[in-house]
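What follows is the residue order along each chain.
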Amino acid sequence: MTYAITQTCCNDATCVAVCPVNCIHPTPEERAFGSTEMLHIDPRACIDCGACADACPVDAIFPVDSLSAGQREYADINAAYYEGAEPLAAEVDGPNFHAWGEPVFERNLPSDFGPLRVAVVGTGPAGMYAAQDLLLHTAAEVTLIDRLPVAGGLVRYGVAPDHPATKKVGDTFSRFHSHPRVRMHLGIEVGRDVTAEELSAHHDAVVYAVGASTDRRLGVPGEETPGCLSATAFVAWYNAHPEAVAQGVDLSAERVVVVGNGNVALDVARILVADPEALAATDIAAHALDALRASRVREVVVLGRRGPEDAAYTRSELLALKHVAGVELVVDGHDPRTAAAIDAAGAGDRAGALKGLARVRTDAASPTGGERRIVLRFHSEVVEIRGEGDGVHSVRVTDGGGDGDGGGTADLAAGLLLRAIGYRGLPVPGLPFDETSGTVPHEGGRVAGVPGSYVVGWIKRGPSGGIGANRTCAAETVGTLLADAVAGELPAPAGDAKAFRRLARQRNRRVVDARGLAAIDRAERDRGRRDGRPRVKLATVEELVATARSGRLLRLGR
């Protein structure tokens, strides 16, 4: 029996480090690392030790003979990665299972290297991978800062609620929230409560992990019509983000158009037509669950500007879409290039995963009754969004004939349009900003022209890569930071940790610390147990702050 890596692989390579036979690839040392959608276990070399499954932070690794019906194809996907490759040679002259390369020590810290005081702005995966690196490999004291009064970032507010295994990476990060060398200040926003200069004045270094919090625009007529929303806002709504409007999404129409064909587009399409009672077993926002129970949506049309061979979603996310109970996945055949690409694709190609799906022609009118479905429509772009003050009525899209110019247009009746065409970073007050890329200019994570300031995650490299990609990204930034510290290039802070704590609380009396965060976690889990759910999220800043404060006072005996 061998193991296989499945859909929820986060690509952070924790499993690679514990494998005793080097059967998981690509490794971080290999050129292909970061270019594949997931890691793969070689069934010819796996010895069934289970070390990788124990180490995986997102429960993506299982014995092949225990895979569910919807996961069995991952055994073939893992094996296919190694087709044509020579099996690894076994080490026969010693006790090791395989020959290891020479040890590499990329960081050489002096024996008298003193503890640094580092602020990490942002508590999502990028920030927490950086904090983890500092806490595990140095004696650094870390100040965790987030503009929201609760930690988690993308894991809490970006991962779809029906992907609970992916959310488990948050458990890995949460163990550092109460670390003895961590101080937490949640609800503090750089540029509003404190300045970048004040942060630097109280820390040896500052790492900004603020992500890419806004979305890209379509730039077509009618984009300001009510009912035309960003996927960012929709995801925030169903994940109980405190800045999302609880009653802000109208699901009274039978068709929704989603523009974009990345993983986020598939996420929102799936949530729109999923069985609400299945979602009731997740941590989806209570207001979103109520709205989905009353929803009239029967069909979601996902528009891709390019063909199926160039789709931006991962193959694993598409495969998962095939197994959503009660939902039919079909392909719109309006453009002959779509069928040609699917028919010519190999079994391992992205377009090949669409073989066997029904091919339909999307009608102008909204569907009535019947099974809920998701329609993948390629070679199609939005030309105009039509509607009035009461919302979107229809979406005009290109309707191709394979001649490369769209071949005309068609109007699709729809009551909601969600654009999922990419994220974009926002400027950080006090730091340089590249308007073209939506990132902070840097060299290996070092902010250009601002000594002692660093970036990690999407604000550093742009909105690319999933959760696990932040691990190697953070390793580079932390490595640069430590090299600067050894070289004596970090500005000396004028204030200490206590002075910063006083400053933060002077500027914002509603700051949440680690004890307050623990109180929020307990309250949400308690609410979840009453409803038979993993947790019921507190959905407003006021609820979060009040719960944090009441829990803290209770522990103090007041």
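Quick note: structure is the one above.
Residues numbered from 1 in each chain as written. Predicted model: local features only at pLDDT ≥ 70, side-chain atom pairs only at ≥ 80, totals over all residues. Heavy atoms only, no water.

Caption draft 1: Quick look at the overall build of the protein chain. Secondary structure summary: the protein chain contains 19 helices and 23 strands in total. Whereas a compact globule of 558 residues would reach a radius of gyration of roughly 24 Å, the protein chain reaches 25 Å, a difference of no more than 12%. When the 558 residues of the protein chain are sorted by exposure, 52% land in the buried category. For the protein chain, restricting intrachain contacts to residue pairs at least 6 apart in sequence, the fraction spanning at least 24 positions comes to 75%. A total accessible area of about 24400 Å² is found for the protein chain, and carbon and sulfur atoms account for 50% of it. Put simply, the protein chain has 60 plus and 72 minus side-chain charges, and the middle of one group is 8 Å from the middle of the other. (Helix = DSSP H or I, 4+ residues; strand = E, 2+ residues; numbered from the N terminus. Rg over C-alpha atoms; globule rule 2.2 N^0.38 Å. Buried < 20%, exposed > 50% of the residue type's maximum accessible area, 1.4 Å probe, protein only. Contact = heavy atoms within 4.5 Å. Areas by Shrake-Rupley, 256 points an atom, 1.4 Å probe, with all protein chains shown as cover. Lys, Arg positive; Asp, Glu negative; His and termini not counted. Charge placed at Lys NZ, Arg CZ, Asp CG, Glu CD.)

Caption draft 2: Highlighting helix α4 (residues 125-137). Taking 1.5 Å of rise per residue, 13 residues should cover 18 Å, and α4 covers 18 Å from first to last C-alpha, within 8% of that figure. Burial analysis of α4 places eleven of its 13 residues in the buried class, the great majority of the element. When we look at burial in α4, the residues that qualify are Pro125, Ala126, Gly127, Met128, Tyr129, Ala130, Ala131, Gln132, Asp133, Leu134 and Leu135. (Expected span 1.5 Å × (residues − 1).)

Caption draft 3: Representation of the sheet that holds strand β19 (residues 416-419). A sheet is described by the order of its strands in space; here seven strands give the open sequence β10-β19-β11-β12-β15-β13-β14, paired in parallel fashion. Of all strands in the sheet, those bounded by a partner on one side alone are β10 (228-230) and β14 (359-360). Note that strand β13 (residues 327-332) and strand β15 (residues 372-377) share five bridges and pair parallel. Paired with Val331 across the two strands is Leu376, which belongs to β15. Contacts from helix α9 (residues 231-238) reach β10 and β19, with the element oriented near 75 degrees to β10. (Pairing = 2+ DSSP bridges. Axes fitted to C-alpha atoms, helices over the stretch in contact; angles between N-to-C directions.)

Caption draft 4: Layout of empty space enclosed by the protein. A full pass over the atoms with the stated rule returns three cavities of 30 Å³ or more. By volume, the largest cavity amounts to about 90 Å³. Around the largest cavity, the lining is made up of 14 residues, and of these Cys9, Cys10, Asp12, Cys15 and Cys56 lie nearest the centre. The class makeup of the residues in the lining of the largest cavity is eleven nonpolar, two polar and one charged. Taken together, Cys19, Pro20, Val21, Cys23, Ile41, Cys46, Ile47, Asp48, Cys49, Gly50, Ala51 and Cys52 make up the lining of the second largest cavity. (1 Å grid on protein atoms, 1.4 Å probe; cavity = no way out; pocket = protein on both sides within 12 Å on 5 of 7 lines; lining within 4 Å. Points joined across faces, edges and corners; volume = space filled by probe spheres on them. Nonpolar A, V, L, I, M, F, W, Y, C, P; charged D, E, K, R; others polar.)

Caption draft 5: Examining the packing of α4 against helix α16 (residues 469-486) more closely. Contact geometry for α4 and α16: axes closest at 8 Å, N-to-C directions at 50 degrees. Considered as vectors, α4 and α16 are oriented oblique to each other. Seen along the crossing, α4 lies across α16 with a hand that is right-handed. Of α16, the residues touching α4 (which contributes Pro125, Ala126, Tyr129, Ala130, Asp133 and Leu134) are Asn470, Arg471, Ala474, Ala475 and Val478. (Parallel < 35°, antiparallel > 145°, perpendicular 65-115°, else oblique. Left-handed = near helix turned anticlockwise from the far one by under 90°.)

Caption draft 6: A look at the layout of surface pockets. In this structure, the second largest pocket encloses a volume near 1500 Å³. Around the second largest pocket sit 41 residues that line it, and Pro28, Glu29, Glu106, Arg471 and Ala475 are the ones nearest its centre. Taken together, the elements giving at least two residues each to the lining of the second largest pocket come down to α1 (14-18), α4, α7 (169-174) and α16. No other element matches α16, which puts nine residues into the lining of the second largest pocket. Here the lining of the second largest pocket is composed, by residue class, of 21 nonpolar, eleven polar and nine charged.

Caption draft 7: Here's a closer look at helix α10 (residues 263-273). For α10, a buried count of nine out of eleven residues is recorded, marking the element as mostly surrounded by other parts of the structure. Every buried residue of α10 is accounted for by Ala265, Leu266, Asp267, Val268, Ala269, Arg270, Ile271, Leu272 and Val273.

Caption draft 8: The arrangement of the pattern of salt bridges in detail. What the rule picks out here adds up to 40 salt bridges. With a shortest N-O distance of 2.8 Å, Asp484 and Arg446 are connected by a salt bridge. With Asp484 in helix α16 and Arg446 in strand β22 (residues 446-447), this pair connects stretches of sequence that are 38 residues apart. Taken together, the shared-partner salt bridges connect Arg156, Asp521, Glu524, Arg525 and Arg535 into one network. (Salt bridge = Lys/Arg side-chain N within 4 Å of Asp/Glu carboxyl O.)

Caption draft 9: Inspection of the packing of aromatic side chains at higher detail. Inspection of the entire model under this criterion finds five aromatic pairs. Measuring from centroid to centroid gives 5.0 Å for Tyr129 and Phe173, while their planes differ by 85 degrees, and the two rings are edge-to-face. Taken together, the positions of Tyr129 in helix α4 and Phe173 in helix α7 put the pair 44 residues apart, joining distant regions of the chain. Put simply, the rings of Phe234, Trp237 and Tyr238 touch in pairs and so form one group of aromatic residues. (Phe/Tyr/Trp six-rings, centres within 6.5 Å; stacked < 30°, edge-to-face > 60°.)

Caption draft 10: Expanded view of the sheet that holds strand β16 (residues 382-388). Pairing is antiparallel across the open sheet formed by three strands, whose spatial order is β16-β17-β18. Edge positions in the sheet fall to β16 and β18 (409-413), since each has one partner strand and no second. Taking the axes of each pair of neighbouring strands and ignoring which way they run, one obtains an average angle of 25 degrees across the sheet. Pairing analysis gives six bridges linking β16 to strand β17 (residues 391-398), with the strands arranged antiparallel. The residue of β17 that forms the bridge with Glu384 is Arg396.

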